Structure formats: structure tokens, C-alpha cells
Amino acid sequence: MTFTNNNRLMTNVPDSQTTTLTPVDTPFTSQPPEPQVKLDIEHALVEDDPRIWSDARKNVVLVIISGASMIAGLCVSIQNPANAQIEQELHATPSQISLSLSLFILVQGNFPVIWSAVSEFKGRKLVYLFSVALSILGSVIVAISRNIGLVIGMRVIQATGSGAIFAIGAATLADIYEPHQRGTMMGVYYSAPLLGPSLGPIVGGALTQGLSWRAVFWFLAVWGGVVFAAFFFLFHDTFRKERSLAYQTALKRQILEHKLRQAKDAAEIEDTHVSEKKTSEEGDEGQAAPKDVEAQPVVVPVADIKEIKLSLADVNPFPPYLRILSRRNNVAILIPSGLVFAFSFSITYTCARTLALYYDYDALRTGLVLLAYGIGSILGSILGGRWSDRTLARLKAANGGVSFPEMRLESTKIAMWFLPPSIVGYAWVCQERVNVAAICVMLFLAGFFLIWIYTSTLAYIVDANTGRSSSAVATNSSLRGVSAFVAAEIAVPLQDALGDGGLYTLWAGLMLIAQLLILLVLYKGKQWREASIERERERSG
């Protein structure tokens, strides 16, 4: 609540998508009412607004969540060089080792929908601390495990904790950066977990060969401890309940329930008084019936309800999950996002197998080759994010200073021309067993153009779901996890059946379909999104 310079009181009234700042006449003025100013919920007035923090303070947040996300990216691939030792020492079967990896991917992708729901009520910092602590616990127990069953179970716990970073990290950036800055910052942030698939085999191979497979998980535990300390001492929570659509919806529901209870209590007291009055009139008319003080309703003003208690209904991940999927523009953009992640997992997984089988590469040399894919991805993430913001600014200026989320997707067109040819090129240099330098070049190009496109789609997912950025990113993470799980299960059988040439020619076709869906959102998404918002407003009354 704030006062304007003309002594008019401004009240902040949130609805499903916008915040209305309504001028209310005070006794000190008789000026005519001014027009209402509509603000989206992301720009509701808050104390200590994270959007106006200093660049240094924002950079601290960016570094911390990037460091945390790197752990999440490392957790899968860092185990691969240690699999042979784990299998031998714990008397595990190849299928059990595969299960420890695929279950990790599935849980890490899907559990964030719950972390996201909790963060929309309790804030980002509490979720970060609890989830990182859970990941550390899982890492420590894996490191001291004596049987494969415990390893699989604790890898699931580790995945449960590390999965929060992907969903809450992007939502944190949405808390502190304006839409025109998010492309660049998303690119910087997402470059950290992209290092995982490339650095994981190198770090894992060095630790396994120099020490043992257990050192891999002690390394993850120590890194997790450093990240936990950074969140505890240096991270300032970026969540503001006034800008959370989920929180405001729950608050409205509680206020409505409070009003209904008060009306019901008042009606019951009124019925009691009528009954007492009737009894008194039929009895001694000279004696007044005593007033039952305890029967009077206790009135709690609605203004006093400032905090809500978290209930199971509030953290139920399915309603926000389904709300995100109820919008056609979201479904159309989430499918390409899932395909991109599945491809990224598939190419690093099968490339390592190809290098081991046909080039006789060990884990360390394989990791160095895959570093080409990681470097390409990082450059694509950073440069693609900057290009995304520049494209949005250019189109906004051309549109009279008005922007909408779909404008950002225009920046993906340049990469679309090169991604399918890069994948086909990779397919056939692997199939023909040419010099490994050619594989490195094609890995670099595929990673560069793939993540160039993905950075813009991730920023769009956040921008197009105002007030629900955490839920939107969590839904994206869930679909990515399912896609990667499927890719992990079918990659080797398809590689054996079709060869690298056939498998990645097929993937080039799937990427072409993904690109067509992105273009569909570019040209039709605004219409779909606005129609969905209107339907949601009508349903909410």
C-alpha cells in the first residue's frame, strides 16, 4: 500500500493474472477518480523488491544457483565411469546398474513439481536448503553402501533432492530479472548444468581410477555441503507472496472460507437469540433472558488474515501441473523441450558407447571427446540467450514498445536451419567410423544449435506463465525427465538395430518436428494463451 503525491490512497487488489491499483478517495481530496492502472501480478508492489536489487546482489544469487544446478547435471553422468567397479564390488547385474541410472533420471525430472508447489508458499530458500541437504544425505549413504539395493534406493533420494534446483532455479531468476533480461540470464544459468554430461565422465573417471567409485559420491557430498553453506549464509530469498498466483489463490480461498464461517456463526447465534426470546415470552415476561456472552461470534477481520497455513491441497502438484497443461501454447512448447532433453541424453550416452566399442577409448578420453558437446552447449546457451533478449527488444521497439512472450521465439529461427544437418552429420561420421576429430566437430555443432533453441524456449515457458513460473518450469522438468527415461531405455536397442546413422537420422526428423511446433507457438501461441487466460478468469468468477 502506498500514497501518491496527490493524497490518494492506492490499494493493491490481485486477481488471477493482474494487479489492479485502484485509486480510493480519502477525506483530504475531492478530485475526480483517476483511471485504473493494470499491472501483471509479477509487478505487484512488494517490500525489498528483488527486481531492484543491485547487480552485485543479483550476481551472487546467479552464481549460487548455477553452482547448485551443476551438481544436478553431474549426478547422472559422473557415475558412468564407476559402473564397472560398482558392478564388481557389489556383485550387481548390468540391469541393476541401468536401473540406478534410469530411476535417478525419472525421479529427478518429476519430483520438482512438489518442490515447486512448496516454494510458492514457503519461499525458495527453505526448499533449497532442505533439498540440498537431502541430496547430500543420499550421496553420503551411497558412498558407504555395501549392496546394490541400498545404492539404488539412495540414488532415488539423491535425485529427489537435486531435482529441486532445476525447477526453483529458473523461478528464482524470474523473481529477480525482468522479462527482457531473462534470455541472457537463463543462458548463463543453464550453461552450468550443461557442463555435467561433459565434465561428469572426466571427473568420475579421474576419481574412480585414482581412488575408488566411492570417492565419486564423497565428491558430490562435499560439493553439496559447499552449496548448502552458500544458500544458508549468502542467499536472500527472492520469493514474494504478492507475486505468487498460487499463494494469492490460496489466500483468496481462505478469506472466502473465513467469511462463510463468520456468516454461519452469525446465523446460528441469531437463531439462538430468536429461540431464547420466544421461550422468555412464553415464561416470565417480567424477567429478561440472560445474555450468553460465550455464544457471541468472535469476529476476526479479513484484513488480519495475512498468512495462510500450508495444507495438503496447496502442495498437491497435480492441479498446477494440469493448469499448465490446459493451455495449448504450453503443450506445444513443452513437447519440443522434452525432445531436446531426450536427444541430449541419448547422444552423450550412445556416443560414449560408440567410442568404447569402436575406438577403444577409456572413460577419461571419452569424457574429453564429450567435452566438445558440452562446450558447444555452453556457447549456444550464452550466445542464444543474448540473441533472444536482443530479438525481443528489437521486436518490442518495432511494436510501439509493447511486447509479448512469443516474440522471443523469433530468435530460434536462425538455429533451426543448422540443427538437423548437424545431427545428420554426426550420425554418419559415427556410422562410417571416421577420425574422432570429425565426431568432435559434429558434437560441438549439435550442442551449440540445440541449446541455442532450448534457451529461448525455457525463457518463453517462464514469460508465458505469469505468476506460475515455478510450476511451469517444474512441469517442463517433469516432461523432460520422462522423455530422458524413455530415451535411456530405448537408446541402446535402437543403436544396435539401426546403427548410429539410422538412429540419429531419425533424431534429426524428430528435431524437425520439434522446430515446427516451436514455429506454431510463435505464430499461434499469443492467441491460444490469451484465450486460455480469459477462460480461467471466467471460471474464477
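Throughout, a residue's number is its position along its own chain's written sequence, starting from 1. With pLDDT at 70 or above as the cut-off, local features in this predicted model cover only qualifying residues; side-chain atom pairs require 80 or more to be listed or tallied, and sums for whole chains, interfaces and linings still use all residues. To get the side-chain values, all heavy atoms of the structure are used, and hydrogens and water are removed first.

Describing the confidence of the model for the chain
Next up, step 1: Across the chain, pLDDT averages 77, with 77% of residues at or above 70.
Next up, step 2: Scored from 0 to 100, pLDDT records how confident the predictor is in each individual residue. Comment: elements are numbered from the N terminus, with helices defined as DSSP H or I runs of at least four residues and strands as E runs of at least two. When pLDDT is averaged over each element of the chain, helix 16 (residues 419-431) comes out on top at 94 and strand 2 (residues 9-14) at the bottom at 38.
Next up, step 3: In what follows, residue pairs with any heavy atoms lying within 4.5 Å of each other are defined as contacts. In the predicted structure, residues 1-38 sits below a pLDDT of 50 and forms 83 contacts with residues beyond four places in sequence or in another chain.
Next up, step 4: Segment residues 286-305: pLDDT under 50, and 20 contacts once partners within four positions in sequence are set aside and those in other chains are kept.

Brief notes about the environment of Val-113
Next up, step 1: Relative to the helices and strands, Val-113 resides in helix 4 (residues 112-122).
Next up, step 2: Only protein chains enter the calculation, and the probe is 1.4 Å; a residue is then buried if its accessible area is under 20% of its type maximum, exposed if over 50%, and partly exposed in between. Residue Val-113 is classed as buried on the basis of its relative accessible area of 14%.
Next up, step 3: Sequence separation of Val-113 and Ser-477 is 364 residues, and the distance between their C-alpha atoms is 8.1 Å.

Concerning the pattern of salt bridges
Next up, step 1: A side-chain nitrogen of Lys or Arg and a carboxyl oxygen of Asp or Glu constitute a salt bridge if their distance falls within 4 Å. The tally for this structure, following the rule as stated, stands at 8 salt bridges.
Next up, step 2: Of the charged contacts in the structure, one is a salt bridge between Arg-214 and Glu-89, with a shortest N-O distance of 2.8 Å. Highlighted residues: Arg-214 in helix 9 (residues 213-234) and Glu-89 in helix 2 (residues 83-89), separated in sequence by 125 residues.
Next up, step 3: The salt bridge involving Arg-353 is made with Asp-496; its shortest N-O contact spans 3.0 Å. You can see Arg-353 sitting in helix 13 (residues 328-358) and its partner Asp-496 sitting in helix 18 (residues 469-540), a full 143 residues away along the chain.
Next up, step 4: Take Asp-496: its relative accessible area is 51%, and that puts it in the exposed class.
Next up, step 5: Bridged by salt links that share partners, the residues Asp-389, Arg-408 and Asp-463 form one connected network.

Points about the packing of aromatic side chains
Next up, step 1: Two aromatic rings from Phe, Tyr or Trp, using only the six-membered ring of Trp, form a pair when their centres are within 6.5 Å; if the ring planes differ by under 30 degrees the pair is stacked, by over 60 it is edge-to-face, and anything between is tilted. The final tally for this structure, using the stated rule, is 15 aromatic pairs.
Next up, step 2: Between Phe-343 and Tyr-504 the ring centres are 6.1 Å apart and the planes differ by 80°, which places this aromatic pair in the edge-to-face class. Linking Phe-343 in helix 13 with Tyr-504 in helix 18, this pair joins segments that are 161 residues apart in sequence. Tyr-504 carries the same exposure label as Phe-343, and that label is buried.
Next up, step 3: Residues Phe-418 and Phe-449 carry aromatic rings whose centres are separated by 5.2 Å and whose planes lie at 20° to one another, so their mutual orientation is stacked. You can see Phe-418 sitting in the loop between helix 15 (413-416) and helix 16 and its partner Phe-449 sitting in helix 17 (residues 436-463), a full 31 residues away along the chain.

Considerations on the layout of surface pockets
One water molecule sets the probe size; rolling that probe over the atoms shows where empty space is left.
Next up, step 1: Of the pockets and cavities examined, the largest pocket occupies roughly 1200 Å³.
Next up, step 2: Looking at the largest pocket, it is lined by 47 residues, and the ones nearest its centre are Ser-77, Asn-80, Thr-348, Tyr-349 and Ala-352.
Next up, step 3: Per element, the largest residue contribution to the lining of the largest pocket is 10 residues, and it comes from helix 13.
Next up, step 4: All residues other than Ala, Val, Leu, Ile, Met, Phe, Trp, Tyr, Cys, Pro, Asp, Glu, Lys and Arg, Gly among them, are scored as polar; the first ten of these are nonpolar and the last four charged. Tallied by class, the residues present in the lining of the largest pocket amount to 29 nonpolar, 13 polar and 5 charged. With a 1 Å grid spanning the protein atoms alone, the term cavity applies to any set of points in which a 1.4 Å probe fits but cannot get out, the term pocket to an open set with protein on both sides within 12 Å along at least five of seven lines, and the term lining residue to any residue with an atom within 4 Å of a point. Grid points are joined across faces, edges and corners, and a volume is the space filled by probe spheres set on the points.

Digging into the side chain of Thr-475
Next up, step 1: Examined against the element boundaries, Thr-475 turns out to sit in helix 18.
Next up, step 2: Of the residues examined, Thr-475 reaches a relative accessible area of 1% and is grouped as buried.
Next up, step 3: Apart from residues lying up to four places away in sequence, Thr-475 is in contact with Val-113, Tyr-321, Ile-324, Leu-325 and Leu-334.

Some remarks on unusual backbone geometry
Next up, step 1: A positive phi angle, close to 55°, is found at Asp-360, a residue other than glycine.
Next up, step 2: Following the sequence through the fold, Asp-360 ends up in the loop between helix 13 and helix 14 (363-398).

A word on a positive patch on the surface
Next up, step 1: Together, Arg-328, Lys-524, Arg-535 and Arg-539 make up a positively charged patch on the protein surface.
Next up, step 2: We classify Arg-535 as partly exposed; its relative accessible area is 41%. Residues with no salt bridge and a relative accessible area higher than 30% make up the patches, which join like charges within 9 Å and nonpolar side chains (Val, Leu, Ile, Met, Phe, Trp, Tyr) within 5 Å. Residue exposure ignores everything except the shown protein chains as possible cover, and the areas themselves are Shrake-Rupley values with a 1.4 Å probe. When charges are tallied, Lys and Arg are placed among the positive residues and Asp and Glu among the negative ones, while His and the ends of the chain are skipped. Charge placement uses NZ in Lys and CZ in Arg. For Asp and Glu, CG and CD serve respectively.

Side note on helix 17
Next up, step 1: Multiply 1.5 Å by the residue count of a helix minus one, and that product is the helix's expected span. In a regular helix each residue adds 1.5 Å, so 28 residues correspond to 40 Å; helix 17 covers 41 Å between its end C-alpha atoms and thus fits that length.
Next up, step 2: Of all 28 residues making up helix 17, 22 are buried, and the element is well covered by its neighbours.

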